Amino acid sequence: MTGPLAEVLDGQREADLQRAARALLKEPLLTADGPHSDAFRLVRRHAAELREWFERNVGWTLRTDADAARLRKTPGTLTDATHAACEVGRAALPFTRRRYVLLCLTLAALERGESQVALGRLAEQVVLAAADPELVAAGITFTLERRDERLDLAAVVRLLLRLGVLRRVAGDEEAYVSGSGDVLYDVRRRVLAGMPAARRGPSMIEDQDFEERLVEMTAQTALDSDELRFRAIRWKLTRRLLDDPVLYYDELTDDELAYLTRQRGFIIARIGELTGLVAEVRAEGIAMVDPLDDLTDVRMPEQGTHGHITLLLAGHLAQADGPVDPAELASRVRELAVEHGSFWSKSAREPGAEPELVEQALAKLVALGLAVRTERGVVPRPALARYAVGAPVVKEPGPARQTPVLSDTIVKDQR
């Protein structure tokens, strides 16, 4: 088919492929009957093209069947802990260490269990697994007799419900937490099987150092040729450009920086074709800007008291010449409360609330690549200059993905 109709159909296919890719980047596990069922059908329709792109450019595998689509992602930065699993609900609190352990024990119990399970029975299996001597030696114990422990298990179950691993048949988690009832679930075994994303199971790794274990879990085959080494570099750089708010050059090795210098145009063009992200290249690094403001789990600026305080502290940090002590930031919040407190919530204006407000703001700034914590204090990163008070305003084609990226006020454009 040729002519205008063919062009329209080709454009529609490319748009659908892009929507499918973006859906997987936002939700690497999609189910047929979940909240993103339309995206799941798009992924199924374009599975072959998506699978080829992800395997070639980032080394991620895509598995699809009638129940689920699972993109097994390996992050470009293994030790980044700023984007944790979060509790389902309004609070959306990040998972604690105990909840992560409970999540792993729950998945193991579900893998060995039947196609249906009651929450009380699941709790018994988790308690038995938690009696492992190595867990006890690490200071991890569960009896699930205390309310806070049952709350943790309920948070884990709600996450699995959102992911589609479990389907609630009867009951409610609140009844289990209060001790007044139980909950029955269907276990969706195909979805459950897709949960692990590691190339090697943790039980197969003997190294006890945490960071070394992460490397072993995600390691590729032996890189015994230039072609394999260059491929590994390309995968890592592309992963970081897809996942991270900003890719700073000073975080790269010499080999990675040299490769990016040679292949930058090719890499960002490939990302742009698949996702619609637009590269913004500056002297310190690269950020992929999302005109749709859609591919993000952390936004800034953001409405509400905490968003306002974060923005004001960002402006303060952007003018700092070096590390800033969190106590200084708390003092700054007290000063800001005098000027802006009428717009804030009552709890934010309470005396003594400043350290918690600072902590919440810093968590967001670090997650967005705008600042880093060091032993000497909080150090602003170049992208934070976009929030400097009095900086020239440069109109962008659209809001940024995860961060408003690098400022023309302090860096030289290399395009």
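Below you will find a few notes about this structure.

Conventions used here
Residues numbered from 1 in each chain as written. Predicted model: local features only at pLDDT ≥ 70, side-chain atom pairs only at ≥ 80, totals over all residues. Heavy atoms only, no water. Pairing = 2+ DSSP bridges. Helix = DSSP H or I, 4+ residues; strand = E, 2+ residues; numbered from the N terminus. Axes fitted to C-alpha atoms, helices over the stretch in contact; angles between N-to-C directions. Contact = heavy atoms within 4.5 Å. Buried < 20%, exposed > 50% of the residue type's maximum accessible area, 1.4 Å probe, protein only. Lys, Arg positive; Asp, Glu negative; His and termini not counted. Salt bridge = Lys/Arg side-chain N within 4 Å of Asp/Glu carboxyl O. Polar contact = N/O pair within 3.5 Å; in protein donor to acceptor, adjacent residues only side chain to side chain. Bend = angle between axes of the 7 residues up to and from the residue. Parallel < 35°, antiparallel > 145°, perpendicular 65-115°, else oblique. Left-handed = near helix turned anticlockwise from the far one by under 90°. Phe/Tyr/Trp six-rings, centres within 6.5 Å; stacked < 30°, edge-to-face > 60°. Lys NZ or Arg CZ within 6 Å of the ring centre and 35° of its normal.

## Section: the sheet that holds strand 1 (residues 29-31)
So, point 1. Pairing is antiparallel in the open sheet, where three strands are placed in the order 1-3-2. Edge positions in the sheet fall to strand 1 and strand 2 (61-64), since each has one partner strand and no second. Taken over all neighbouring pairs, the strand axes of this sheet differ in orientation by 5° on average, direction set aside.
So, point 2. By the bridge criterion, three bridges tie strand 1 to strand 3 (residues 68-72) in an arrangement that is antiparallel. For L30, the partnering residue across the bridge sits in strand 3 and is A69.
So, point 3. Against the sheet, helix 2 (residues 37-45) contacts strand 1, strand 2 and strand 3, and its axis sits at roughly 105° relative to strand 1.
So, point 4. Along the sheet face, helix 3 (residues 47-57) touches strand 2 and strand 3 and points at about 155° away from the line of strand 2.

## Here's the deal with the side chain of R239
So, point 1. Topologically, R239 is positioned in helix 11 (residues 226-243).
So, point 2. Despite being buried, R239 has no salt bridge partner; D243 is the closest side chain of opposite charge, sitting 7.7 Å away.
So, point 3. Polar contacts involving the side chain of R239 include one to the main-chain carbonyl oxygen of V58, which spans 2.7 Å.

## Side note on helix 12 (residues 254-275)
So, point 1. At Q263, helix 12 is deflected by roughly 75°, the largest bend along its length.
So, point 2. Positive phi shows up at G276, right after helix 12, with a value of about 85°.

## Regarding the pattern of salt bridges
So, point 1. Taken as a whole and assessed by the stated rule, the structure comprises 38 salt bridges.
So, point 2. A salt bridge links E251 to R381; its shortest N-O distance comes to 3.8 Å. With E251 in the loop between strand 7 (247-248) and helix 12 and R381 in the segment after strand 11 (377-380), the pair connects residues that are 130 residues apart, well separated along the chain.
So, point 3. You can call E251 partly exposed: its relative accessible area is 38%.
So, point 4. Salt bridges sharing common partners tie together E87, R98, R99, R146, D148, E149 and D152.

## Considerations on the packing of helix 13 (residues 305-318) against helix 14 (residues 326-340)
So, point 1. Relative to each other, helix 13 and helix 14 sit at 120°, their axes nearing to 11 Å. As far as their axial angle goes, helix 14 and helix 13 are oblique. Helix 13 and helix 14 meet at a crossing whose hand is right-handed. On the side of helix 13, the interface is formed by H308, I309, L312, L313, H316 and L317, while helix 14 contributes E328, L329, R332, V333, L336 and H340.

## A short note on the pairing of strand 11
So, point 1. Taken together, the four bridges between strand 10 (residues 371-374) and strand 11 define a ladder with antiparallel strand orientation. Within the sheet, the bridge partner assigned to T374 lies in strand 11 and is G377.
So, point 2. Counted along the chain from strand 10 to the antiparallel partner strand 11, the turn is two residues long.

## Digging into the packing of aromatic side chains
So, point 1. What the rule picks out here adds up to four aromatic pairs.
So, point 2. Within the aromatic cluster, the residues linked to one another by ring pairs are W53, F54 and W60.
So, point 3. A cation over a ring is seen here: R99 above F95, with NZ or CZ 5.9 Å from the ring centre.
So, point 4. Lying across the ring of F230, R262 places its NZ or CZ 5.8 Å from the centre.

## Regarding the sheet that holds strand 4 (residues 116-118)
So, point 1. One open sheet holds the three strands; their spatial order is 4-6-5, and the pairing between them is antiparallel. Each having just a single partner strand, strand 4 and strand 5 (166-171) make up the two edges of the open sheet. Within the sheet, the average angular offset between the axes of one strand and its neighbour, ignoring direction, is 25°.
So, point 2. As paired elements, strand 4 and strand 6 (residues 183-187) share three bridges and run antiparallel to each other. When the bridges of strand 6 are listed, A118 appears paired with L184.
So, point 3. Docked against the sheet, helix 5 (residues 119-130) engages strand 4 and strand 6, running at close to 85° with respect to strand 4.

## What about the packing of helix 14 against helix 15 (residues 354-367)?
So, point 1. The N-to-C vectors of helix 14 and helix 15 enclose an angle of 110°; their axes lie 9 Å apart at closest approach. The pairing of helix 14 with helix 15 is recorded here as roughly perpendicular in orientation. For the pair helix 14 and helix 15, the crossing hand works out as right-handed. On helix 15, the residues touching P326, L329, A330, V333 and R334 of helix 14 are E354, P355, L357, V358 and L362.

## Points about the pairing of strand 6
So, point 1. Only one face of strand 6 is buried: it carries V183, Y185 and V187, and the other face, with L184 and D186, is open.
So, point 2. Bridging between strand 5 and strand 6 involves five bridges; their strand directions are antiparallel. Bridge pairing in strand 6 places L166 opposite V187.

On their own, these measurements won't tell you what the molecule is for.
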